[in-house]
Number of protein chains: 2
Amino acid sequence: MIDLRHAAGADVRLACRNGELTGPTPGLAAGFVHANLVIVPKDWAFDFLLFCQRNPKPCPLLDVTEPGDPEPRGVAPGSDLRTDLPMYRVWRGGELVDEPTEIAKYWRGDLVSFVIGCSFTFEAALQTAGIPVRHIDENVNVPMFRTNIPCRPAGRFHGPLVVSMRPFVSAQMIQATRITGRYPLAHGAPIHFGDPAAIGIADIQKPDYGDPVTIHPGEQPLFWACGVTPQAALALAKPPFAITHKPGCMFLTDMTDGDLDVV
Amino acid sequence: MIDLRHAAGADVRLACRNGELTGPTPGLAAGFVHANLVIVPKDWAFDFLLFCQRNPKPCPLLDVTEPGDPEPRGVAPGSDLRTDLPMYRVWRGGELVDEPTEIAKYWRGDLVSFVIGCSFTFEAALQTAGIPVRHIDENVNVPMFRTNIPCRPAGRFHGPLVVSMRPFVSAQMIQATRITGRYPLAHGAPIHFGDPAAIGIADIQKPDYGDPVTIHPGEQPLFWACGVTPQAALALAKPPFAITHKPGCMFLTDMTDGDLDVV
């Protein structure tokens, strides 16, 4: 298998399409924009688009397709959202019913796809600045947690903010806050530093999604809004049908972090 | 009449509600966020929300209401979009049919309101930096033009980019570009400097909306994406019913330019 760490976004998509990549994408295609995926039927699309507009920290929109169109032309022309992710989740009535590696057999003409920014995008910038990213160094998926912070409701969608976590010593935290603040479309600056209980997280070693990582003495957890937030909202709103990416198994676009840098 | 130039956003809204302000808002409530307004029936709302998502330079979304709710709770709690603007435009089938000062009699339970950023927001920051804003100094509305630059289509919506124009000498242009780039939700950095014909503008002294302004020798026009762009798209898409603000007659929010500053 080729080394995808310094590949282009299109190379990662091709590896997914060929069945060569079926796992998490942290550290892959360094500098390219990773993205979350949410697919809902047209009659749920306005509510979900509104949920994203009202919750831009967890749901920064990069692209939205026309109903039935699997190609997000704005961020990855020529790609196919039905095959180009490592792993998907299929939802019926808010319940997870399948985790396939492609979704061609589930495709329908009324499906609207939402491509949402992901914090994996800024990890290359952190590493370039000499700030270690623990889950990449430990070769696992990022840990993600449901919090007690409510999202702003929109139509039938509501639910808690989901966050990703990376541990740092204090000086790294300050640098990471400054650097990631430049990328609002990749969730931007963090939302919390320190005590997990303050945002409703009971056990920092038991993430709700992804894998636990080591937190060394002197380090504290730094939390960013996460694009898995819609999956918590889907479980509560219970639309009859929906598809998402599997947490950590992102869609790679043709955009680079420089395209998102506001500074 | 009270001097609204250094009033709060809420004061300008109250002056509109009381019928004391029925004209353009440049220079009013300095430092507060001015906003464009587009109101469409629910069955056109997904297409319009998508149009905004795909065209964030002219259509940076600040808030979207639930159907029938005239209060944009995210940006101006307690306000009423039916009375709190100086002047409105009512559209039927893409035709302008009325320009009232309030829209209570037109209100319906299926109307969704879109509050969109406006370049008047960054004019206080320009003036603070010593950069003169011609239409404010000449006490007229900003000049706005339809260009030959197409927007990215979305559902039934398509049309040309509309721009606002402010004339500057070269050094001012550079400063104005840097300052306004900090406010992407107020249209951000300009899209063109110099030759109007290059973006399809035939006569810089004959704006399609607003008023002409003096361009002194040595000055050139600097153009920003404008929130009147949706009005050009409404005229082409011809929804059965829509309401907008009258160009230049903006909705004042409770947000300040500091809330939008990305630097």
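Our structure is the block above this text.
Now for a description of the structure that goes with this document. Bear in mind the structure is a predicted one, so any value in this text is a computation, not a measurement. Each chain carries its own residue numbering, running from 1 in the written order of its sequence. Chain labels run from A onward and ligand labels from 1 onward, assigned in the order the entries are written. Local features in this predicted model are restricted to residues whose pLDDT is 70 or higher, and side-chain atom pairs enter the listing and the counts only when it is 80 or higher, whereas totals over whole chains, interfaces and linings include all residues. Side-chain measures were taken over the full set of non-hydrogen atoms in the model, leaving aside hydrogen atoms and water.

### Remarks on the overall build of chain A
Looking only at helices and strands, one finds 7 helices and 11 strands in chain A. A compact globule built from 263 residues should have a C-alpha radius of gyration of about 18 Å, and chain A, at 17 Å, falls within 12% of that. Taken along the three principal axes of its C-alpha coordinates, chain A extends 50 × 40 × 35 Å. The rule is simple: take the accessible area with a 1.4 Å probe, protein chains only, and divide by the maximum for that residue type; under 20% is buried, over 50% is exposed, in between is partly exposed. Expressed as a percentage of the 263 residues in chain A, the buried residues total 60%. Summarising the internal contacts of chain A: among those between residues at least 6 apart in sequence, 77% fall at separations of at least 24. With the model as given, the accessible surface of chain A reaches about 9,600 Å², and the carbon-plus-sulfur share is 53%. Charged residues are defined narrowly, with Lys and Arg counted positive, Asp and Glu counted negative, and His plus the chain ends left uncounted. Note on charges: their place is set at NZ of Lys, CZ of Arg, CG of Asp or CD of Glu. Charge centroids of chain A, computed over 22 positive and 28 negative side chains, lie 5 Å from each other. Under the DSSP-based scheme used, a helix requires at least four consecutive residues in state H or I and a strand at least two consecutive residues in state E, with every element numbered from the N terminus. For the radius of gyration, the atoms used are the C-alpha atoms, and the globule rule reads 2.2 Å times the number of residues raised to 0.38. Only heavy atoms enter the contact rule, under which two residues are in contact if any of them lie within 4.5 Å. Areas reported here follow the Shrake-Rupley algorithm with a probe of radius 1.4 Å; residue values treat only the protein chains shown as occluding.

### Concerning the environment of Pro-240 of chain B
Residue and element names in this part refer to chain B. Tracing the chain through its elements places Pro-240 in the loop between helix 6 (229-237) and strand 10 (242-245). Under the relative-accessibility criterion, Pro-240 is labelled exposed at 53%. Here the alpha-carbon distance between Pro-240 and Asp-84, two residues 156 residues apart in the chain, equals 24 Å.

### As for the side chain of Asp-80 of chain B
Residues and elements named next belong to chain B. Summarising the element assignment, Asp-80 is placed in the loop between strand 2 (61-64) and strand 3 (88-92). On the basis of relative accessible area, Asp-80 is assigned to the buried category, the value being 16%. Contacts described as polar in this section are N or O atom pairs within 3.5 Å, which, within protein, must combine one atom able to donate a hydrogen with one able to accept it, while residues neighboring in sequence count only if both atoms come from side chains. Within polar-contact distance, the side chain of Asp-80 engages the backbone nitrogen of Arg-82 at 2.8 Å.

### Examining the relation of the copies chain B and chain A
Alignment of the copies relies on least squares applied to C-alpha atoms, considering only residues that score at least 70 for pLDDT in both. Turning chain B through 180 degrees and shifting it by 0.0 Å along the axis lays it on chain A, with an RMSD of 0.0 Å. Read as a symmetry element, the transformation amounts to a two-fold axis. Of the C-alpha atoms belonging to chain B, the one lying closest to the rotation axis is found on Phe-46 of chain B, 2.5 Å away. Here 100% of the contact residues of chain B are again contact residues in chain A; the copies associate through an equivalent surface.

### So, the nonpolar core
We call a set of buried residues a nonpolar core when its members are Ala, Val, Leu, Ile, Met, Phe, Trp, Tyr or Cys and they connect through side-chain atoms within 4.5 Å of each other. Of all hydrophobic cores here, the largest spans 48 residues; its most connected members are Val-40, Phe-48 and Phe-114 of chain A together with Val-40, Phe-48 and Phe-114 of chain B. In this structure, Phe-114 of chain A is in contact with Asn-36, Leu-37, Val-38, Val-40, Ala-45, Phe-48, Leu-49, Leu-61, Asp-63 and Val-64 of chain A, ignoring residues within four places of it in sequence. In terms of nonpolar packing, the next biggest core, distinct from the first, is built from 35 residues, Leu-62, Ala-76, Phe-122 and Ala-186 of chain A among them.

### Description of the packing of aromatic side chains
Two measures describe an aromatic ring pair: the distance that separates the ring centres and the angle between the ring planes. In this scheme Phe, Tyr and Trp rings, the latter by its six-membered ring, pair at centre separations within 6.5 Å, and the angle between planes marks the pair as stacked below 30 degrees, edge-to-face above 60, and tilted otherwise. For the structure on display, the rule yields 18 aromatic pairs over all chains. Ring geometry for Phe-48 of chain A against Phe-114 of chain A: centres 4.8 Å apart, planes inclined by 80 degrees, an arrangement best described as edge-to-face. Here Phe-114 of chain A lies in strand 5 (residues 111-117) and Phe-48 of chain A lies in helix 2 (residues 42-54), a separation of 66 residues in the sequence. Side by side, Phe-48 of chain A and Phe-114 of chain A carry an identical accessibility label, which is buried. With centroids separated by 6.4 Å and ring planes inclined at 80 degrees, the aromatic side chains of Phe-168 of chain B and Trp-224 of chain B adopt a geometry described as edge-to-face. Note that Phe-168 of chain B is positioned in strand 7 (residues 160-168) and Trp-224 of chain B in strand 9 (residues 220-225), a separation of 56 residues in sequence. Note on Phe-168 of chain B: relative accessible area 0%, which makes it buried. Residue class for Trp-224 of chain B comes out buried when judged on its relative accessible area of 0%. Clustering of aromatic rings is evident, with ring pairs tying together Trp-44, Phe-48, Phe-51, Phe-114 and Phe-157 of chain A. Between the NZ or CZ atom of Arg-166 of chain B and the centre of the ring of Trp-224 of chain B, over which it lies, the distance is 5.0 Å. Look at NZ for Lys and CZ for Arg. If either is within 6 Å of the ring centre and within 35 degrees of the ring normal, a charge sits over the ring.

### Side note on the sheet that holds strand 6 (residues 144-150) of chain B
All names here are of chain B. Here we have 4 strands laid out as an open sheet, ordered 6-7-9-8, and antiparallel in their pairing. Each edge of the open sheet is held by one strand with a lone partner, namely strand 6 and strand 8 (192-193). In terms of strand pairing, strand 6 meets strand 7 through 4 bridges, oriented antiparallel. Bridge pairing in strand 7 links Pro-150 to Pro-160. Under this scheme, a helix contributes an axis fitted over its contacting stretch, all axes are lines through C-alpha atoms, and angles between N-to-C directions fall in the 0 to 180 degree range. Against the sheet, helix 5 (residues 170-180) touches strand 7, strand 8 and strand 9, its axis set at about 10 degrees to strand 9. Helix 6 rests against strand 6 and strand 7 of the sheet, and its axis sits at about 150 degrees to strand 7. Note: two strands are recorded as paired if DSSP finds a minimum of 2 bridges between them.

### Concerning the pairing of strand 7 (residues 160-168) of chain A
Residue and element names in this part refer to chain A. Judged by how many residues are buried, strand 7 sits mostly within the fold: 9 of 9 residues are covered. Direction of pairing for strand 7 relative to strand 9 (residues 220-225): antiparallel, over a ladder of 6 bridges. Paired with Val-163 across the strands is Ala-225, a residue of strand 9.

### A few points about the environment of Pro-100 of chain B
Secondary-structure assignment places Pro-100 of chain B in the loop between strand 4 (95-98) and strand 5 (111-117). Along the backbone, Pro-100 of chain B and Thr-22 of chain B are 78 residues apart, and their C-alpha atoms lie at a distance of 9.4 Å.

### As for the pattern of salt bridges
A pairing counts as a salt bridge when a side-chain nitrogen of Lys or Arg comes within 4 Å of a carboxyl oxygen of Asp or Glu. Evaluation of the coordinates by the stated rule reveals 32 salt bridges over all chains. Residue Asp-63 of chain A pairs with Arg-152 of chain B through a salt bridge whose shortest N-O separation is 3.1 Å. Here the residue Asp-63 of chain A occupies a position in strand 2 (residues 61-64), and Arg-152 of chain B occupies one in the loop between strand 6 and strand 7, the pair thus bridging two chains.

### Description of the sheet that holds strand 6 (residues 144-150) of chain A
Residues and elements named next belong to chain A. Pairing is antiparallel in the open sheet, where 4 strands are placed in the order 6-7-9-8. The open sheet has two free edges, formed respectively by strand 6 and strand 8 (192-193), since each of these has just one partner strand. Relative to strand 9, strand 8 runs antiparallel, the two being bridged by 2 bridges. Residue His-192 lies in a different strand from strand 9, and its bridge partner there is Phe-223. Strands in contact with helix 5 (residues 170-180) are strand 7, strand 8 and strand 9; relative to strand 9, the strand with the most contacts, it is inclined by about 10 degrees.

Without other data, these values stay purely geometric and don't point to any function.
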